[in-house]
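Here is how the chains run, residue by residue.
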Amino acid sequence: MSTLTEAPPPLAPAEPDKKPPRKRGRFTPYWLLLPGLLWLVVFFALPMIYQASTSVQTGSLEDGYKVTWHFATYWNALSEYWPQFLRSVFYAAGATVLCLLLGYPLAYLIAFRAGRWRNLIMILVIAPFFTSFLIRTLAWKTILADNGPVVHVLNTLHVLDLTDWLGWTAGDRVLATPLAVVCGLTYNFLPFMILPLYTSLERIDGRLHEAAGDLYAKPWTTFRKVTFPLSMPGVVSGTLLTFIPAAGDYVNAELLGSTDTRMIGNVIQTQFLRILDYPTAAALSFILMAAILLMVTVYIRRAGTEDLV
Amino acid sequence: MPFVNWLKRHLVVIAGLLTLGYLLLPNVVVTVFSFNKPKGRFNYEWQQFSTDAWKDPCGVADMCGSLSISLQIAFWATIGATLLGTMISFALVRYRFRARSAVNSLIFLPMAMPEVVMAASLLTLFLNMGAQLGFYTILIAHIMFCLSFVVVAVKARVMSMDPRLEEAARDLYAGPAQTFLRVTLPIAAPGIAAGALLSFALSFDDFIITNFNAGSTVTFPMFVWGSAQRGTPVQINVIGTAMFLVAVLLVLTSMLITNRRNKQKA
């Protein structure tokens, strides 16, 4: 793969018409890149700059906003909404851990144990993508309903007593509690965990498992010393693909939660679309972006140096 | 304890299948509730079996209109993102040029950004430009966030392609256009198709970015969102079920076709 990128094939055959294609070839990459990059610069990078400028503006919707370098907006936003920030991080982290615990066996199953069922299971993992995720999230309202079977079973097993004590649920219900929101987040982002895990597991040579077995490693030891370390790239990209969107999500908190489970995404959405306080909303989404970038960098560093070796 | 041993041996399979069940449970519920006859405005509790909604899927005001808007946006967004993304990935794989790593990170960033941040920043841009929010602002946004996914999908395919195939074509006196159309493009096609399919699904299903930049235009996800507050008609579940079935059927047929082709080759 590296030889391929390091030594790109010459655009034209070397012998017959050497000069004209080379000349054209020099600018070809730029022509190919131009339209797409222009799109990303204008509609992705430029908006970020606009948003940065909005976050330090003051004024009102009627009189218009002006850049006044009013950094206090950041401080005010942070001091008012830190519970929602904290909650988002906790919920997203909880959902990510659950996704890893739930997704790993399924990815492992598809990669090593599924045999001729592999393609079918793959389809069943991907196909829900094509049913609107909002419809599927609403279905959780039915599944977790107060008089529904899930709540009934959890209640009979006295699981709800425990989760009540932990503050994950309230009373005899699951809907409108943190547990419901985390359940929805886990569900919604699970495929984003399974697919990278599967890709990295699939690359592992099955003979390594045999070799571990030949060296008297028990299955669990084989997993701990061989399979899991080799699947680290999948674990890292899977956790990132789950954590980042989960931290910014507001759909699950809105549909399955209550006012006590509002995440930072809900606050940004309300500030932007209902209260129309653009500077605060812009500041909030910048803080969210910065916090995520920081956490992701630290995480990649740690995962990249300690666990990978 | 034969049962415990059996459980130990199949632990991974059992856990994996349970996860699969967790993934598919909402789809089952959606399908079952598409045959419900609800009493009130909401379709969250099972009342009575009925096929009314299936007989009249467009019986709800504005739902099929929003569906058609979503399909149109997804169609054009797929074309736009696939075209731009394929061009970028060919440039990235086939050429060395300055700022290559900068381009790579610009493409990576939209995938690593929470949607709400992108949505809000795009809205600030549109507000500052005084753009009319609606169909075209949604389309612009969708092309923007689908682009990166297309690049990733196509890049993976083009990178694994043997450059000697193209050299061989040229040795056989194929012109650049002929080489591209008859050798390069067919080999890259699965990657391009995967990127296009992903774009379509992402665009069709997007809610957060659309919600910020839609103005008064209502796409299908936005209709579902609104109905969660006003009352969900059964027809929403009908559309959800139909979409799931169509997706499964499409993938199954494409798999059958490739299987048959591979057999013919062998």
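Residues numbered from 1 in each chain as written. Chains lettered and ligands numbered in written order. Predicted model: local features only at pLDDT ≥ 70, side-chain atom pairs only at ≥ 80, totals over all residues. Heavy atoms only, no water.

In the annotation of an unreviewed UniProt entry, chain B is listed under the name Polyamine transporter and assigned to Streptomyces collinus. UniProt lists a comment for chain B under the heading Subcellular location (unreviewed entry), and it reads "Cell membrane". Note on chain B: under the UniProt heading Sequence similarities (unreviewed entry), the record states "Belongs to the binding-protein-dependent transport system permease family. CysTW subfamily." (UniProt positions renumbered as here; feature names shortened; annotations may be inferred.)

As recorded in an unreviewed UniProt entry, chain A goes by Polyamine ABC-transporter integral membrane protein and comes from Streptomyces collinus. Quoted verbatim from the Sequence similarities (unreviewed entry) heading of the UniProt record, the comment on chain A is "Belongs to the binding-protein-dependent transport system permease family. CysTW subfamily." Comment text from UniProt for chain A, heading Subcellular location (unreviewed entry), reads "Cell membrane".

A.B. asks: Got a minute to help me understand the UniProt feature "transmembrane region" (unreviewed entry) in chain B in this structure?
C.D. replies: Residue and element names in this part refer to chain B. With numbering matched to this structure, UniProt assigns "transmembrane region" (unreviewed entry) to residues 12-35, 73-93, 105-127, 133-154, 180-202 and 234-257. Note that residues 105-127 is 91% helix and 0% strand, and that its end C-alpha atoms are spaced 27 Å apart. Taken end to end, residues 180-202 is 100% helix and 0% strand, and its first and last C-alpha atoms sit 29 Å apart. (Helix = DSSP H or I, 4+ residues; strand = E, 2+ residues; numbered from the N terminus.)

A.B. asks: Where do I start with the state of the cysteines in this structure?
C.D. replies: By definition, a disulfide links the sulfur atoms of two cysteine residues through a covalent bond. Residue and element names in this part refer to chain B. Evaluated as defined, the whole model comprises 1 disulfide over all chains. What pairs with Cys58 in a disulfide is Cys64, and their sulfur atoms sit 1.8 Å apart. Between Cys58 and Cys64 the disulfide shows an S-S torsion of about -90°. By sign, it is left-handed. The class of Cys58 is partly exposed, set by a relative accessible area of 46%. (Disulfide = S-S within 2.5 Å. Buried < 20%, exposed > 50% of the residue type's maximum accessible area, 1.4 Å probe, protein only.)

A.B. asks: Could you clarify how one ought to interpret the pairing of strand E2 (residues 64-67) of chain A in this entry?
C.D. replies: Looking along a regular strand, one sees side chains alternate from face to face of the sheet. Residues and elements named next belong to chain A. Note that strand E1 (residues 57-60) and E2 share 4 bridges and pair antiparallel. Each residue of the ladder has a partner; that of Ser60, found in E2, is Gly64. Hairpin connection from E1 to E2: 3 residues lie between these consecutive antiparallel strands. (Pairing = 2+ DSSP bridges.)

A.B. asks: Explain the packing of helix H9 (residues 206-214) of chain A against helix H10 (residues 219-230) of chain A here, please?
C.D. replies: To describe two helices that pack against each other, one gives the angle between their axes and the distance between the axes. All names here are of chain A. In the contact formed by H9 and H10, the axes pass within 10 Å of each other and the chain directions differ by 160°. Viewed along their axes, H9 and H10 adopt a mutual orientation that is roughly antiparallel. The hand of the H9/H10 crossing is right-handed. Contacts between H9 and H10 involve Leu208, His209 and Ala212 on the former and, on the latter, Thr222, Val226, Thr227 and Leu230. Across the contact of H9 with H10, the residue classes break down as 4 nonpolar, 3 polar and no charged. (Axes fitted to C-alpha atoms, helices over the stretch in contact; angles between N-to-C directions. Parallel < 35°, antiparallel > 145°, perpendicular 65-115°, else oblique. Left-handed = near helix turned anticlockwise from the far one by under 90°. Contact = heavy atoms within 4.5 Å. Nonpolar A, V, L, I, M, F, W, Y, C, P; charged D, E, K, R; others polar.)

A.B. asks: What am I meant to see in the UniProt feature "domain: ABC transmembrane type-1" (unreviewed entry) in chain A here?
C.D. replies: Mapped onto this numbering, the UniProt entry gives "domain: ABC transmembrane type-1" (unreviewed entry) at residues 85-299 of chain A. A distance of 18 Å separates the end C-alpha atoms of residues 85-299 of chain A, which is 78% helix and 0% strand.

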